[in-house]
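Breakdown of the fold
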Amino acid sequence: MAGMLDAVDQRTQLVGENRLELLMFRLGGMQLFAINVFKVQEVVQLPRLNLMPHRHPSVAGVTHFRGRTIPVIDLSESIGLRPIDKDKPCNLIVTEYNNTVQGFMVGEVDRIINMNWSDILPPPDGTGRQHYLTAITRVNDRLVEIIDVEKVLAEISPYDTRVSDHIIDKDLLSMAKGLEVLVVDDSSVGLAQCKSTLDHLGISVHSATDGKRGLDLLKKWAAEGEDVPNKLLMLITDAEMPEMDGYRLTREIREDPRLKDLYIVLHTSLSGSFNKAMVQKVGCDDFLSKFQPDKLATIIQDRMRAVVESE
């Protein structure tokens, strides 16, 4: 338990400081790719894989790891590149996304680097919507491409955004017309999934693709005389985003007297145990792991009840 608490404390030192750690690796060529270390449980040499019938083409097989069987995804093939050559040295990056554990087969693992989110930039305009990057950065003058793992996982196992009938309070939702929510997420998949769930509830959605753009929009409304905490039912923000992460976004909002009372929900695929500590540190009102439409609908409706009761 002490080890876990130490790990939480070590990682939360970055929270609100607009910093992150990236695990960099290659997929066969010289190009460097990366994912956030927060999502990584372990990196090991590629173990023996067992094949599964009727598996997705990007799933190389399954392996037994730490007492559980996990799928192993060929990360190179899943983003449209050549499959990893298993005859060459390969590594397995074991990750946790949305409370599920999976392994990504990669080539050479390079290193972990600590960076500022302000040095992480969105993909260039004009790259289209089909790419698998959430961001890019430079390390020692070399381009590093940060992979949109949520998009990879969604294509292998599509998420269901429908809200169960028994969750919906129809009397409450009859009052949803005119309610507005701001969703901030750099992943096109994450943004689309969240918007789809909110559409089911009849709520108008504003969106921004990173924390800086989200904050700029909030400040623009405030400068125009809008009472932002009353205009928005809530802000739903991802955690890791280029230029400004969700934790720093929350801190900036809490420090602005025009925005400080805005209700904020952290909506992320990062591990829940760490995020609960992070939420307390930066001052979010609630936390939800991604792609749980029933739980998102419950949080929305609970907030609506609180607003109705306060009027």
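If you check an unreviewed UniProt entry, the protein appears there as Chemotaxis signal transduction protein from Marinomonas fungiae.

Scanning the entire structure with this criterion turns up 20 salt bridges. Of the charged contacts in the structure, one is a salt bridge between Glu 42 and Arg 66, with a shortest N-O distance of 2.4 Å. Of the two residues, Glu 42 sits in strand E3 (residues 40-45) while Arg 66 sits in the loop between strand E4 (59-65) and strand E5 (68-74), which places them 24 residues apart along the sequence. Residue Glu 42 is classed as partly exposed on the basis of its relative accessible area, which comes to 23%. Among the residues examined, Arg 66 registers a relative accessible area of 65% and is labelled exposed. A salt bridge links Lys 151 to Glu 155; its shortest N-O distance comes to 3.4 Å. Taken together, the residues Lys 151 and Glu 155, both in helix H3 (residues 149-156) and four residues apart, mark about one turn of the helix.

Unlike most non-glycine residues, Arg 66 shows phi in positive territory, near 50°. The residue Phe 291 is not glycine, and still its phi comes out positive at about 60°. Within the element layout of this structure, Phe 291 appears in the loop between strand E15 (286-289) and helix H10 (293-310).

With 18 residues, H10 should cover 26 Å at 1.5 Å per step; its first-to-last C-alpha distance of 26 Å lies within 8% of that length. Among all positions in H10, only Pro 293, Leu 296, Ala 297, Ile 299, Ile 300, Gln 301, Arg 303 and Met 304 are buried. Where H10 is buried, its residues contact helix H4 (170-173), strand E11 (180-184), helix H5 (188-200), strand E13 (234-237), strand E14 (264-268) and E15.

Rules used in this analysis
Residues numbered from 1 in each chain as written. Predicted model: local features only at pLDDT ≥ 70, side-chain atom pairs only at ≥ 80, totals over all residues. Heavy atoms only, no water. Salt bridge = Lys/Arg side-chain N within 4 Å of Asp/Glu carboxyl O. Helix = DSSP H or I, 4+ residues; strand = E, 2+ residues; numbered from the N terminus. Buried < 20%, exposed > 50% of the residue type's maximum accessible area, 1.4 Å probe, protein only. Expected span 1.5 Å × (residues − 1). Contact = heavy atoms within 4.5 Å.

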